[in-house]
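Inside the fold
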Amino acid sequence: MPKEKKPKAKKQFELKSPRGVHDIMGEEYFSYQGFFEKAEEIALYYGFQPIETPILEQEELFTRSVGEFSDIAQKEMYTLRTRGGDKLALRPEGTAPIIRAYAEHGMHTRPQPVLLYYRGPFFRHDKPQRGRFREFRQFGVEAIGSDKSIVDALIIRLFLAILEEVGITNLTVDVNSLGDKECRTEYKKALVAYFRKHTGKLNTEGKALLKNNPLRLLDSKDPVICELKDEAPETMEFLQGPSKQHFKEVLEYLDSMDVNYRINGNLVRGLDYYSRTVFEIVETQEDAENENDSDEKEGEKKKEKKEEQPRALELGGGGRYDLLGKMLGTRRPLPAVGGALGVDRILMHEKVKKLDPRIIKKPKVFFIQLGFDAKLKSLPLIDNLRHAKIPIQQSLSKDKLSVQLASVEKLGVPWVIILGEKEVIDGTVMVRDMHDRSQKTVKQEELVTYLKKHIARA
Ligand code: AMP
C-alpha cells in the first residue's frame, strides 16, 4: 500500500514585525516627531522648502543613479514587480527621487538653486545591527541648480546646526573631494593599478570590487584592505584646476564657520553619482584627538582602547552630485549638492535632548462621564474644548466612576471634568483639582474660561 504523504506542518504564524524594521510609539514616537519638527524649522530658516516623494519609484531610477555595482543596487534594494509588469523599488535613498521630481515638474524654471528638504522612511536590505536597520528614517536636503562651493558649505553647516540644536555638539566632519569626471577617471586608474599590485592579498569579495567598483574598496571593513588603503593613492592628488579651487573654497567656508573638519583622502561614499565634495558627520572620538601623545605606553593603551571602542556611527553624510542629472536623462547638466541625516541613529545617541513636539502630547484634563445622558452630551462638549484648544484624555467607552478615576491616577492627569446625570440636567460639570481633590461646579458655557484660567498653573 502506498504510504500516504504527511501534510507539511504549517509554520506557526507569529504576530511579529519583519527583521530589521520596528514600530515607533509612545515617547519614542514623540522624539521622532520632535526631531523632525526641529530639523524642518531649521531647514526653513535656511530657505529650504518641503517635498515628499513617493516611497515607491521605478527600480531603474536607482540602478541608473547609485550605480549598478553599488551595494544598494546589488544587494540592498527591495524590488517588486507589479501585476502590470512594472519594476518598482522601495526607495533606498532620497536624492534620485528628488532629481526625478525636479525634472518632472520643470523646476529649472524656478530661481536656482532650488532648495528642498524631505523626511521619511527608506529601505535597505542590509544585515541589521547596531544603528543599521532595514527601514530607517532620514532627514535630507538637496540644493539643485548651483555648482557654487558656498552651497556645499551651507549644507554641512545646516546639518551641524540641526545636530547641535538637538544636543550633539562634539562632531567632526570628514570631508574630501572626488574632483570632476576627468579627475575621477584618472584617480580610479591609479587606484586600480595600486590594488592590482596586491591582488594576491585580496579575498574573493575584494577582487570582485576591484573589477566592478574599485572605489568601494575604500569603504571596505576587511582588515587586509584597510591596511592596504593607508598607502593607496588619494583623490586629492588628482584634483585639477576648477575642482581644486572648488574644494579649497569649501574648506575656506568651513574654516570661516569654525567647523571642526578633517580631510579624509579615502572618503569616497561608494555611489557612482558623487563628484567633487563628499562628507560624513561623525561624533569626535576622544582618543583619536590625542593620538600624538608623547608617552609611548599611554599611546599603546589608548590604541588598545580605541580598538575596543565601536567605530563612531556616521550620523549623516552627503556630497555634490553634478553628474546625476545627466545620468538620469536631464537635457542640461544639473549641478547639485545634498545629504541626509540618519534620524534613528541620532535619536539613539545618549546626548540627544528630549525633544518635545509642538503637538500637545500630554493633555492636562481628563474627561469622565456617567450615564447615557452624559455620554450623549460628551461629544459636543469635547468638541467645544477642542475649538478652544484644550486637549483632553477620556474614557468614553467606560461606565463606572471608579474605573475612570483609576485611569486618571494611572496617567497622572492634574484636572478632571466629571459630567454626571445631575450635571446634564443642571447644564454644569464638576471640575476636580487632583492636587488637593477639591471640586467645583462650573456652568458648561463657562468651562473653557474656567479651565484656561486654572490649568495653566497645573
Ligand atoms: P546614506 O544615504 O547612505 O548617505 O546615509 C545617510 C545617513 O543615513 C547615514 O549617515 C546614516 O546615519 C543613516 N543610515 C544609512 N543607512 C542606514 C541604515 N541601514 N539604518 C539606519 N541608518 C542608516
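Residues numbered from 1 in each chain as written. Predicted model: local features only at pLDDT ≥ 70, side-chain atom pairs only at ≥ 80, totals over all residues. Heavy atoms only, no water.

1. A closer look at the site of the ligand
Surrounding the ligand, one finds 14 residues, the nearest of these being R124, F133, Q138, R269 and E314. Contact between the ligand and Q138: an oxygen atom at 3.1 Å from a side-chain N or O atom of the residue. A distance of 2.6 Å is found between an oxygen atom of the ligand and a side-chain nitrogen or oxygen belonging to E314. Counting only elements with at least two residues in the shell around the ligand, the list comes to β6 (135–144), β10 (314–320) and β11 (336–342). Sort the elements by how many residues they give to the shell around the ligand and β10 lands first, with four residues. (Near = heavy atom within 4 Å. Polar contact = N/O pair within 3.5 Å; in protein donor to acceptor, adjacent residues only side chain to side chain. Helix = DSSP H or I, 4+ residues; strand = E, 2+ residues; numbered from the N terminus.)

2. Regarding the pattern of salt bridges
All chains considered together, the criterion is met by 27 salt bridges. With a shortest N-O distance of 2.9 Å, E104 and R100 are connected by a salt bridge. Here R100 and E104 lie together in helix α4 (residues 95–104), a separation of four residues that amounts to about one turn. R269 serves as the salt-bridge partner of E314, at 3.4 Å between the closest nitrogen and oxygen. In this pair, E314 sits in strand β10 while R269 sits in the loop between β8 (261–263) and β9 (277–283), placing the two residues 45 residues apart along the sequence. Exposure remark for E314: the relative accessible area of 27% places this residue in the partly exposed category. The class for R269 is buried, based on a relative accessible area of 17%. (Salt bridge = Lys/Arg side-chain N within 4 Å of Asp/Glu carboxyl O. Buried < 20%, exposed > 50% of the residue type's maximum accessible area, 1.4 Å probe, protein only.)

3. Some words on helix α5 (residues 149–165)
If you check α5, its first and last C-alpha atoms are 25 Å apart, about what 17 residues at 1.5 Å a residue would give, namely 24 Å. Across the 17 residues of α5, 12 count as buried, placing the element largely inside the fold. In the stretch just after α5, G167 is the one whose phi turns positive, near 110°. (Expected span 1.5 Å × (residues − 1).)

4. As for the packing of helix α2 (residues 59–66) against α4
Where α2 contacts α4, the two axes come as close as 9 Å, and the packing angle between them is 110°. In terms of orientation, α2 lies roughly perpendicular with respect to α4. The interaxial crossing formed by α2 with α4 has right-handed handedness. When α2 is examined against α4, the residues L61, F62 and S65 are found in contact with a partner set consisting of A96, P97 and R100. (Axes fitted to C-alpha atoms, helices over the stretch in contact; angles between N-to-C directions. Parallel < 35°, antiparallel > 145°, perpendicular 65-115°, else oblique. Left-handed = near helix turned anticlockwise from the far one by under 90°. Contact = heavy atoms within 4.5 Å.)

5. Re the confidence of the model for the protein
Taken as a whole, the protein shows an average pLDDT of 90; of its residues, 92% reach a score of 70 or greater. Across residues 288–299, where pLDDT falls below 50, the model places five contacts with residues more than four positions away in sequence or in other chains. Throughout residues 301–308 the model reports pLDDT below 50, and contacts reaching past four residues in sequence, or to other chains, amount to six contacts. (pLDDT = per-residue confidence, 0-100.)

6. Some words on unusual backbone geometry
Put simply, Q112 and P113 share a cis peptide bond, and its omega is -5°. Its place among the elements puts P113 in the loop between α4 and β5 (114–123). Its identity as a non-glycine residue notwithstanding, R437 has a phi of 65°, on the positive side. Relative to the elements of secondary structure, R437 occurs in the loop between β15 (428–433) and β16 (438–443).

7. What to know about helix α6 (residues 181–196)
Look at α6: 22 Å from first C-alpha to last across 16 residues, which is about the 22 Å you get at 1.5 Å a residue. In the core, the buried residues of α6 are packed alongside α7 (204–212), α8 (223–229) and α9 (241–256).

8. Structural notes on the sheet that holds β9
The strand order across the open sheet built from eight strands is β1-β5-β6-β11-β10-β9-β7-β8, with neighbouring strands paired in mixed fashion. One side of each edge strand has no neighbouring strand; the edge strands of this open sheet are β1 (49–50) and β8. The pairing of β9 with β10 spans five bridges and is antiparallel. Bridge pairing in β10 places E280 opposite G317. (Pairing = 2+ DSSP bridges.)

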